[in-house]
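Residues per chain are reported as follows:
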Amino acid sequence: MNVYDSEQMALILGQDYELTGRAEDADLYLINTCAIRRKSEEKVLSLLGRLKALKQRRPQMLLGVGGCVAQQEGEKLLQQVPHLDLVFGTHGVYKLPALLKQRQETKQRLVDTSFSPDLPYISQPRLSGSVQKLVTVMQGCDNYCTYCVVPYVRGPERSRPSGDIVREVEVFLGQGGREVTLLGQNVNSYGRGLSENITFPGLLRRLAELPGLARLRFTTSHPRDLSEELIGCFAELPPLCEHIHLPVQAGSNKILAEMNRGYSREDYLDRVNRLRQACPGIALSTDFIVGFPGETETDFQDTMQLMQEAAFDSAFYFKYSPRPQTAAAAFPDQIPEAMKTERLARLKKLQEQLSFASNQRLLGEVGQVLVEGFSKQKNTQLYGRLRSNLVVNFDGPRELIGRMVQVRITKAHLHSLGALLCEN
Ligand code: 5AD
Ligand code: SF4
């Protein structure tokens, strides 16, 4: 979502500014921020600290902070950081030209963290010729999981009219685009509150019919709202890739209830089974939080067991981080940091075994890769993703970038695969 918002900022300001890779050349320096955990918030403050010298050397450079930390902290950020010019919230992206103009004219430092009833979207041209595109279908969240700051910083849930989404995807496909990832905090509730009668599966079906769309993905879905109809889409819609990110957060029913997730471990495992029945081999990834308030060793064991039972292909895991305004921040029995660290390490070890085993099962298989570019580790190699979202590295010519190729998997690593290019 933040990548998408940053792209929107670059586009909106495209008439007045061009992007530079060198901070020393910048007339405007914008930091887009994440408030999901304290660590991401600390990174913002430390970057702002480091920019003080640059701002002193180049006082004409405007320095702004946007996104979730800006939304959360507002005025406080201006007070805390004297060399900061502008603070704009999660709904402020589209007001940027006006805000910058106001700053130039009034010479006053500015804060705008107001919410707007609806969000305009700027259709992106193919940024750097990429054949992949992120498309926001809804923003905000009304779920209020007790650990999560998103409903406070992103505001209430709003869906985007389906016609706008379809048009944006059509334009992209007309320019040669191949893969679209639909974005939303909880895509399963797409359509709620719109005047038209449409559900998320309905939207998927409309998009899947568009000529030229090779791959369709979405993130993130809430396990509680994973409908039979959506599960069916994986079997029915050829472009829909065989991968789902389904954040479980915890394996203990007590903790899931305290988190206000609205499902039990049994519900979750049942949905996983049904997904695997409808779409054998579907890649499953998830998120875990360890050290949620009140989590006992027994609760944590439930999480470890669920990890094993669901046999996730990959997972992200985080130490619980108390967030401002959230209910869980005030819960009793906060878990000591050292215990969180220790539980995280055990969870990581188990998932690494599962991920490695899952990757090894792919050895010898032939798969389809959409080539994204030169590999970051070894820049003589190309890399791309399988439909399962796994990264594959292989030798091949530059001309393949942006193309769909067949590869044979020859190496399994923890988070990626090695492969040989097949005769294409
Ligand atoms: N502490 C730790 N992890 C969190 N997440 C969300 N809020 C918190 C928090 N307060 C994690 C969840 C979510 C992912 C995006 O971030 O696992 O799925
Ligand atoms: Fe946060 Fe829960 Fe909404 Fe996801 S569904 S954004 S975890 S409140």
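Parameters at a glance
Residues numbered from 1 in each chain as written. Chains lettered and ligands numbered in written order. Predicted model: local features only at pLDDT ≥ 70, side-chain atom pairs only at ≥ 80, totals over all residues. Heavy atoms only, no water. Helix = DSSP H or I, 4+ residues; strand = E, 2+ residues; numbered from the N terminus. Rg over C-alpha atoms; globule rule 2.2 N^0.38 Å. Areas by Shrake-Rupley, 256 points an atom, 1.4 Å probe, with all protein chains shown as cover. Lys, Arg positive; Asp, Glu negative; His and termini not counted. Charge placed at Lys NZ, Arg CZ, Asp CG, Glu CD. Near = heavy atom within 4 Å. Nonpolar A, V, L, I, M, F, W, Y, C, P; charged D, E, K, R; others polar. Buried < 20%, exposed > 50% of the residue type's maximum accessible area, 1.4 Å probe, protein only. Contact = heavy atoms within 4.5 Å. Phe/Tyr/Trp six-rings, centres within 6.5 Å; stacked < 30°, edge-to-face > 60°. Polar contact = N/O pair within 3.5 Å; in protein donor to acceptor, adjacent residues only side chain to side chain. Core = buried A, V, L, I, M, F, W, Y, C linked by side-chain atoms within 4.5 Å. Salt bridge = Lys/Arg side-chain N within 4 Å of Asp/Glu carboxyl O.

Enquirer: Which parts of the structure should I look at to understand the overall build of the protein chain?
Expert: Assigned secondary structure in the protein chain consists of 13 helices and 17 strands. On C-alpha atoms alone, the protein chain measures out to a radius of gyration of 22 Å, which is about the 22 Å that the 2.2 N^0.38 rule sets for 424 residues. As presented, the protein chain carries roughly 19400 Å² of accessible surface, and 52% of it is formed by carbon and sulfur atoms. Averaging the positions of the 51 positive and the 48 negative side-chain charges in the protein chain gives two centres separated by 5 Å.

Enquirer: Sorry if this is basic, but what is going on with the site of ligand 2 here?
Expert: Around ligand 2 sit Cys141, Asn143, Tyr144, Cys145, Tyr147, Cys148, Val150, Pro151, Gln185, His222 and Arg261, and those are all the residues in its vicinity. Looking at side-chain class alone, the shell around ligand 2 contains seven nonpolar, three polar and one charged residues.

Enquirer: I keep staring at helix H9 (residues 228-236) and nothing clicks. Help me out?
Expert: Because an α-helix completes one turn every 3.6 residues, residues spaced three or four positions apart along the sequence face the same direction. For H9, every residue scored as buried is listed here: Leu230, Ile231, Gly232, Cys233 and Phe234. Next to the buried residues of H9 lie helix H8 (200-208), strand S9 (215-219), strand S10 (243-245) and helix H11 (265-278).

Enquirer: Looking at this model, I keep getting lost on the packing of aromatic side chains. Mind explaining?
Expert: For any pair of aromatic rings, the description rests on two quantities: the centre-to-centre distance and the angle between the ring planes. One pass over the full model with this rule turns up eight aromatic pairs. When the ring of Phe292 is compared with that of Phe331, the centres are 6.1 Å apart and the planes differ by 85 degrees; the resulting orientation is edge-to-face. Highlighted residues: Phe292 in the loop between strand S11 (283-290) and helix H12 (297-310) and Phe331 in the loop between strand S12 (314-319) and helix H13 (337-360), separated in sequence by 39 residues. One aromatic cluster is present, formed by Tyr263, Tyr268, Phe288 and Phe312 through successive ring pairs.

Enquirer: Sorry if this is basic, but what is going on with the site of ligand 1 here?
Expert: Around ligand 1, the neighbouring residues are Ile36, Arg37, Tyr147, Gln249, Asp287, Ile289, Phe318, Lys319, Tyr320, Ser321 and Arg323. Tyr147 is positioned with one of its backbone polar atoms (N or O) 3.0 Å from a nitrogen atom of ligand 1. With respect to ligand 1, the backbone of Ser321 contributes an N or O atom lying 2.8 Å from a nitrogen atom. About the coverage of ligand 1: the protein hides 86% of its 410 Å² of free accessible area. Taken together, the elements giving at least two residues each to the shell around ligand 1 come down to S11 and S12. The residue makeup of the shell around ligand 1, split by class, is five nonpolar, two polar and four charged.

Enquirer: Would you mind showing me how to read the nonpolar core here?
Expert: Here is a general trend for soluble globular proteins: nonpolar side chains tend to be buried in one another's company. Membership of the largest hydrophobic core comes to 68 residues, with the highest contact counts inside it found for Leu182, Leu204 and Phe218. Those residues in contact with Leu182 that sit more than four places away from it in its chain are Val135, Val137, Val187, Phe200, Leu203, Leu204, Leu207, Leu216, Arg217, Phe218 and Thr219. Of all hydrophobic cores here, the second largest spans 21 residues; its members include Ala26, Tyr29, Ala35 and Val69.

Enquirer: Would you mind showing me how to read the pattern of salt bridges here?
Expert: Any two side chains of opposite charge can pair if their charged atoms end up close together. In this structure the tally under the stated criterion is 29 salt bridges. Salt-bridge contacts for Arg38 lead to Glu42; the nearest nitrogen and oxygen are separated by 3.0 Å. Here the residue Arg38 and the residue Glu42 both occupy positions in helix H2 (residues 38-57), the gap between them amounting to four residues, near one helical turn. The partner of Glu228 in a salt bridge is Arg274, and the shortest N-O contact between them spans 1.9 Å. Here Glu228, found in helix H9, pairs with Arg274, found in helix H11; they are 46 residues apart in sequence, far enough to count as distant.

Enquirer: So what exactly am I meant to see when it comes to the environment of Asn379 here?
Expert: Locating Asn379 in the fold gives a position in the loop between strand S13 (366-374) and strand S14 (382-385). Residue classification places Asn379 among the exposed residues on the basis of a relative accessible area of 60%. With 275 residues separating them along the chain, Asn379 and Gln104 place their C-alpha atoms 43 Å apart.

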